[in-house]
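If you want the building blocks of each chain, they are given just below.
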Amino acid sequence: MDKVKGMVGLIVDSTIPMLKAWESRIHESGCGKAEVRVDGDLRDLSADVISRACFGDSYSKGEEIFSMNAS
């Protein structure tokens, strides 16, 4: 339980950008609502939380580093 409690900050750090992106889509729509692909966003959120917990950095940063090394 203590390990999960210790990950709350990581989860928040991953979740805030996703929520801001959703808010941006809603704002850009001009009508106060927008279609959100929740499955893809939650898959990316899960990958980001796991990456932060296991490797200490975001998933997108890890992909960037991996693609640089693969070239």
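According to the UniProt record, the Subcellular location (unreviewed entry) comment for the chain is "Membrane".

Undergrad: Explanation requested: the overall build of the chain in the structure shown.
TA: A count of helices and strands for the chain gives four helices and zero strands. In terms of overall size, the chain is more extended than a compact globule, its C-alpha atoms giving a radius of gyration of 15 Å where 71 residues would be expected to give roughly 11 Å. Along the longest, intermediate and shortest principal axes, the C-alpha atoms of the chain span 40 × 40 × 15 Å. Residue burial in the chain is summarised as follows: out of 71 residues, 14% are buried. Sequence-distant contacts, at least 24 apart, represent 38% of the contacts inside the chain between residues at least 6 apart. Only carbon and sulfur atoms are counted for the fraction: they give 60% of the accessible area of the chain, which is about 5,700 Å². In the chain, which carries 9 positive and 12 negative side-chain charges, the distance between the mean positions of the two groups comes to 3 Å.

Undergrad: What is the right way to look at the pattern of salt bridges in this model?
TA: Two side chains that carry opposite charge are able to pair once their charged atoms sit near each other. Taken as a whole and assessed by the stated rule, the structure comprises four salt bridges. One salt bridge connects Asp48 with Arg52, and the closest N-O pair in it is separated by 2.7 Å. Placement of both Asp48 and Arg52 in helix α3 (residues 38-55) is noted, with a separation of four residues, approximately one turn of the helix. Look at Asp48 and you get buried, because its relative accessible area is 11%.

Undergrad: Quick question: what am I supposed to make of a nonpolar patch on the surface here?
TA: Residues Val8, Val12 and Ile16 make up a contiguous nonpolar surface patch of roughly 220 Å² in combined accessible area. Within the fold, Val8 resides in helix α2 (residues 8-29).

Undergrad: Just to check I follow, could you spell out α3 for this structure?
TA: A turn of α-helix holds 3.6 residues, and therefore any two residues three or four places apart point the same way. Helix length check: α3 (18 residues) gives 25 Å between terminal C-alpha atoms against 26 Å at 1.5 Å per residue, within 8%. Of the residues trailing α3, Gly56 is marked for its positive phi of about 80°.

Undergrad: Mind showing me how you'd approach α2 here?
TA: Helix length check: α2 (22 residues) gives 31 Å between terminal C-alpha atoms against 32 Å at 1.5 Å per residue, within 8%. Inspection of α2 places Ser14, Thr15 and Met18 among the buried residues, and these make up the whole buried set. Elements that come into contact with the buried residues of α2 comprise α3. Gly30 occupies a position one or two residues after α2 and carries a positive phi of about 80°.

Reading guide: rules and limits
Every residue gets a number counted from 1 within its own chain, in the order that chain's sequence is written. Given that this is a predicted model, residues contribute local features only at a pLDDT of at least 70 and side-chain atom pairs are listed and counted only at 80 or more, while totals for whole chains, interfaces and linings are drawn from all residues. Derived side-chain values reflect all non-hydrogen atoms in the structure, with water molecules and hydrogen atoms excluded from consideration. UniProt positions are given in the numbering used here, feature names are shortened, and annotations may be inferred rather than shown by experiment. In DSSP terms, a helix is any run of H or I states spanning at least four residues, a strand is any run of E spanning at least two, and both are numbered starting from the N terminus. Computation of the radius of gyration draws on C-alpha atoms alone. For the globule rule, the value is 2.2 Å times the number of residues to the power 0.38. Think of it in three bands: residues with accessible area under 20% of the maximum for their type are buried, residues over 50% are exposed, and the middle band is partly exposed, with areas taken using a 1.4 Å probe on protein chains only. A contact between two residues is defined here by any heavy atoms of the two lying within 4.5 Å. A 1.4 Å probe and the Shrake-Rupley method give the accessible areas. Residues count as covered only by the protein chains that appear here. Here Asp and Glu are counted as negative and Lys and Arg as positive; His is not counted, and neither are the chain ends. Every charge is mapped to an atom, namely NZ of Lys, CZ of Arg, CG of Asp or CD of Glu. By definition here, a salt bridge exists when the distance from a side-chain nitrogen of Lys or Arg to a carboxyl oxygen of Asp or Glu is within 4 Å. Distance thresholds for patches are 9 Å for like charges and 5 Å for nonpolar side chains (Val, Leu, Ile, Met, Phe, Trp, Tyr), applied to residues having over 30% relative accessible area and no salt bridge. Between the first and last residue of a helix there are one fewer steps than residues, each counted as 1.5 Å, and that sum is the expected span.

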